[in-house]
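What follows is the residue order along each chain.
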Amino acid sequence: MSRDVITIRRPDDWHVHLRDGDMLAGVLPYTSRVFARAIVMPNLSPPVTHVAAAVAYRERILAALPAGPNFTPLMTAYLTDATDPGEIARGYENGAWVAAKLYPANATTNSAHGVTDIRKIDAVLARMTEIGMPLLMHGEVTDPTVDVFDREAVFLERVLAPLMVRLPSLRIVLEHVTTRAAVKFVEDAGPNLAATITAHHLIINRNALFQGGLRPHLYCLPVAKREEDRQALRRAATSGGAKFFLGTDSAPHPVKDKECDCGCAGIFSAPNALEVYARVFDEENALDKLEAFASVNGAHFYRMPVNRETTTLVRREQDVPREVAMVRPFLAGEKLGWRIA
Ligand code: NCD
Ligand code: ZN
């Protein structure tokens, strides 16, 4: 394969925040021009907890779509302590949503209505297991006595491992893994557990948050971890292994909400995520594995067909703008070595 041009099946983004209203209109084109499908996170305010809300949100996304390549939003349900198993199953069976998202209460942006104790949704998870509906997890404990950098690793022990014993056939995606511990946990588990990996966690470690001063635009949740964790993520993503796939977790917040007293968590990577992944795979001498990660593994896990269109990336420098849709994109002001042809 040429080292300067790579053609892959058109990719999908298995974890993205598209927001709503003006922000939706501003950010959606960056996802829809690149990705054929995207798993759309339900953490709006109010969150997408019911079938009718998912159907209406999907309509708003379709109405905001610019002309261009086909794009299919795949909707998700936001689980709360009060979620009704019948509602979750009804939305899955009628195609309103394809998965349900577990936010531990107060773990991240717009998660105040999330689940306070996973045992409160036992009946929902049992029903999801029966019908084969995937559970998507924000894998961090919220116990304030647990160090913020340990919250993912502690979640594996306290929440995920016991859940997998209770419901071994529940299909689970551990979203945006950030640690070596999570990579190993996923690798050691059976085929019902998979994970998404963001572009930014392949590039930055936690030092980047404090490089020369406080860097609010590199703050996201789960927060970036140590260099050894980043290296483990790079190995997992570029391995070609079926359990790891692309999920940008592109999470735009207006600049003013990042640069303030209590800045929001979220990195906006939609404008250049695919190019960033290409750079990582290139650096790891694994461009031949990019298609599996970006365009095949996720579709297989979700039991959907792979895309038939293709996307070509070329090695060519491009500048990342300082601001896009009133949001600072990931690597703003820097140069990228790849671009979409
Ligand atoms: C996300 C957001 O802003 O909605 N933020 C983030 O840092 N990733 C929420 C999330 O996925 O945790
Ligand atoms: Zn997210």
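Preceding this section is the structure that the text describes.
Nothing here was measured: the structure is a model prediction, and the numbers come from that model.

A. Spatial organisation of the coordination of the zinc ion (ligand 2). Those donors, H15 (NE2), H17 (NE2) and D249 (OD), are the protein atoms that reach the zinc ion (ligand 2), and they lie 2.0 to 2.1 Å from it. The coordination sphere of the zinc ion (ligand 2) comprises 4 donor atoms, whose angles at the metal cover 91 to 145°; the geometry is irregular. On the primary sequence, the residues serving as donors to the zinc ion (ligand 2) are separated as H-x1-H-x231-D. The exposure class assigned to H15 is buried, which follows from its relative accessible area of 1%.

B. Looking closely at the site of ligand 1. With respect to spatial proximity, 15 residues lie near ligand 1, and among them R19, N43, T108, L221 and D249 are the closest. Contact distances for ligand 1 include 3.1 Å between an oxygen atom and a side-chain N or O atom of H17. A distance of 3.2 Å separates an oxygen atom of ligand 1 from a polar backbone atom of G266. Here ligand 1 loses 100% of its free accessible area of 310 Å² to cover by the protein chains. When the residues that make up the shell around ligand 1 are grouped by side-chain class, the tally is 4 nonpolar, 9 polar and 2 charged.

C. Focus on the pattern of salt bridges. Tallied over the entire structure, the rule returns 21 salt bridges. The residue R119 makes a salt bridge to D122 at a minimum N-O spacing of 3.0 Å. Judged by relative accessible area, R119 falls into the partly exposed class, the value being 45%. As a salt-bridge pair, R328 and E323 come within 3.4 Å of each other at their nearest N and O atoms. We classify E323 as partly exposed; its relative accessible area is 44%.

D. Structural view of helix α2 (residues 51–64). Here α2 is 14 residues long and its end C-alpha atoms lie 20 Å apart, about the 20 Å a rise of 1.5 Å per residue gives. For α2, every residue scored as buried is listed here: V51, A54, Y57 and I61. Here the buried residues of α2 occupy an arc of 125° about the axis, which is enough to place them on one side. Turned more than 90 degrees away from the buried face of α2, the exposed residues are A52 and A63. Considering only its buried residues, α2 is in contact with α1 (21–32), β3 (37–40), β4 (72–78) and α3 (85–93).

So, how was this worked out
Residues numbered from 1 in each chain as written. Chains lettered and ligands numbered in written order. Predicted model: local features only at pLDDT ≥ 70, side-chain atom pairs only at ≥ 80, totals over all residues. Heavy atoms only, no water. Donors = N, O, S within 2.8 Å, 3.2 Å for Na, K, Ca; no water. Tetrahedral: all angles 85-135°; square planar, octahedral: opposite > 155°, others 65-115°. Buried < 20%, exposed > 50% of the residue type's maximum accessible area, 1.4 Å probe, protein only. Near = heavy atom within 4 Å. Polar contact = N/O pair within 3.5 Å; in protein donor to acceptor, adjacent residues only side chain to side chain. Areas by Shrake-Rupley, 256 points an atom, 1.4 Å probe, with all protein chains shown as cover. Nonpolar A, V, L, I, M, F, W, Y, C, P; charged D, E, K, R; others polar. Salt bridge = Lys/Arg side-chain N within 4 Å of Asp/Glu carboxyl O. Helix = DSSP H or I, 4+ residues; strand = E, 2+ residues; numbered from the N terminus. Expected span 1.5 Å × (residues − 1). Arc of directions from axis to C-beta. Contact = heavy atoms within 4.5 Å.

On their own, these measurements won't tell you what the molecule is for.
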